[in-house]
Amino acid sequence: MGTADGITEAGIRAHMEFLAGDALNGRGSNSRDEWIAAAYIAAQFRQWGLEPMGDAGGFVQAAEILREQMAAPAVLSSGAAQFTHGQEMLVSTLTGAHVAGPLVKMAEGATSVPAGSVVLMPVPAATGGAAGAGRGRGTQATAGAAFLISLATDQTAEQWATAAARVISAGSRFATVPPTPNPARAARISVNKATYDALAAMADGTTVSLDAELRATTAHTWNAVGRLTGSDPAAQAEVVVLGAHLDHLGLRETARTDDKIYNGADDDASGTVAVMALAQALAAGPRPNRTLVFALFGSEEGGGAVSGSSYFVELPVVPLDQIVTQLQFEMLARHDPMVPAKSLWLTGYERSDLGSELAKHGAALVPDPRPEQSFFTRSDNIKFARKGVVSHTVSSFNLHTDYHQASDEIDTVDFAHLLASVRSMLEPVRWLANSTFKPAWTPEGRPR
Ligand SMILES: [Zn+2]
């Protein structure tokens, strides 16, 4: 059945059946299936007349990711003294090929260390506490350290050899984004008793280095990005970004059921088809004054700091200061009984004036009824928000038990609810794209 805005249940179901069907294997982060999902969305964007913002005149944007690992045993050194991974010490975390700094022998109970220092962690006085040295309690106190050295716990030769043989990650980063040092992340090593004693005998300030040969393997994540340039030359530099994540958990051989495919119908094929349906309806015209960008992000589930949304904000195809707001759509396939019928909730509603203003213009948006779940920080919107862009997520996730299970399947989708949800956002988004309203954070609203 057709509707005046052109958004139909059949249209939504068609995209849902492709994206969340078994043929796409659950759109695993960094997988070829994720790429195919992006290519499918790109094909629709082309047909609807959006302008491509991806690579080489297309809509798909591929982000190359370098995953760095220790390729040969790392060496800890100071002057002529050398200690090797697997022999006198064990590396658990690396942050780069070379880290060095002045030695600081940390006293038990110290609350801070000098930035860039190599911290020799105190040996806990009580028995059984050694495994916690440098973790938990010490995390705040050692912030800013170059790397942390603790006394290894008692372990058998076999346990030591197993730890030595582990693959040691030095982190992942985008190949085309210059690495930004993360002072919150320190390398960590543990050393045997003789090495600990040798380090403890050195004077504070002695230079200590940790050197490792790193090997990078590459992976990719894929976004699909299209644009509707605003019709008003005076307003078209102002951009509203609508987004969702196109990936899910993929195939999992470890699944406890026969069904290994994590379809992610609700999470987040539902948000993806919502953004697609809004793109199609808005592309049909009349064209809004402001520019709209439709961005479907890869690797929300498995990406962390190298997700598609991180790539979008690190190498923005739209300057971030031109983005008026970013609205993310997540998990709209079922109604949440904690909010009124036909309502959707907005994460971090009270953090800005966006939700209340959209509500004034017809959006059935209410505050997130489950603030204890911290949904505001659990979706791609947080990547934009941390860069200062007013950004929230629209959802109706009701904490159903199919969340992140193979059972998040199309047959659990309430299509009437999903259709109504998408349609309820069309005119409010159209209003926003035609208005001069610029959302702003409330005084305490912007996340750190
Ligand atoms: Zn999700």
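Our structure is the block above this text.
Parameters at a glance
Residues numbered from 1 in each chain as written. Predicted model: local features only at pLDDT ≥ 70, side-chain atom pairs only at ≥ 80, totals over all residues. Heavy atoms only, no water. Phe/Tyr/Trp six-rings, centres within 6.5 Å; stacked < 30°, edge-to-face > 60°. Helix = DSSP H or I, 4+ residues; strand = E, 2+ residues; numbered from the N terminus. Lys NZ or Arg CZ within 6 Å of the ring centre and 35° of its normal. Core = buried A, V, L, I, M, F, W, Y, C linked by side-chain atoms within 4.5 Å. Buried < 20%, exposed > 50% of the residue type's maximum accessible area, 1.4 Å probe, protein only. Contact = heavy atoms within 4.5 Å. Pairing = 2+ DSSP bridges. Polar contact = N/O pair within 3.5 Å; in protein donor to acceptor, adjacent residues only side chain to side chain. Donors = N, O, S within 2.8 Å, 3.2 Å for Na, K, Ca; no water. Tetrahedral: all angles 85-135°; square planar, octahedral: opposite > 155°, others 65-115°.

**Focus: the packing of aromatic side chains**
- Under the defined criterion, the tally for this structure stands at 14 aromatic pairs.
- Seen from their ring centres, W35 and W222 are 5.2 Å apart, and the 0 degrees between their planes marks the pair as stacked. Here the residue W35 occupies a position in helix 2 (residues 32–48), and W222 occupies one in strand 12 (residues 214–228), the gap between them amounting to 187 residues.
- Aromatic ring contacts, followed pair by pair, group F45, W48, F59 and F294 into a single cluster.
- Cation over ring: R13 sits above F415, and NZ or CZ is 4.1 Å from the ring centre.

**Some points on the nonpolar core**
- One finds M16, L242, F294 and F329 to be the most contacted residues of the largest nonpolar core, which totals 67 residues.
- The leading source of residues in this core is helix 6 (residues 265–283), at 12 residues.
- In this view, M16 contacts G21, A265, A269, S270, V273, I410, V413, F415 and L418; residues no more than four positions away in its chain are not counted.
- M70, V91, A187 and L210 belong to the second largest nonpolar core, which has 25 residues in total.

**A short note on the pairing of strand 6 (residues 98–105)**
- Two strands pair when backbone bridges link them, and strand 6 and strand 11 (residues 207–211) are joined in this way by five bridges, in the antiparallel orientation. Bridge pairing in strand 11 links A100 to S209.
- When strand 6 meets strand 7 (residues 118–120), the two strands line up parallel, connected through three bridges. Across the sheet, the residue bridging to K105 is L120, located in strand 7.

**Digging into the side chain of T272**
- Looking at where T272 falls in the secondary structure, it is placed in helix 6.
- Judged by relative accessible area, which is 1%, T272 ranks as buried.
- A polar atom in the side chain of T272 sits 2.9 Å from the backbone oxygen of D268.
- Other than its neighbours up to four places away in sequence, T272 contacts L19, I41, A244, H245, L246 and L296.

**As for the coordination of the zinc ion**
- Bound to the zinc ion on the protein side are H245 (NE2), D267 (OD), E330 (OE) and E330 (OE), at distances that span 1.9 to 2.7 Å.
- Given four donor atoms and angles of 52 to 152 degrees at the metal, the environment of the zinc ion is assigned as irregular.
- Positions of the donor residues of the zinc ion along the chain correspond to the pattern H-x21-D-x62-E. Pair noted here: H245 is in strand 13 (residues 239–245) and D267 is in helix 6, with a separation of 22 residues, a long-range link.

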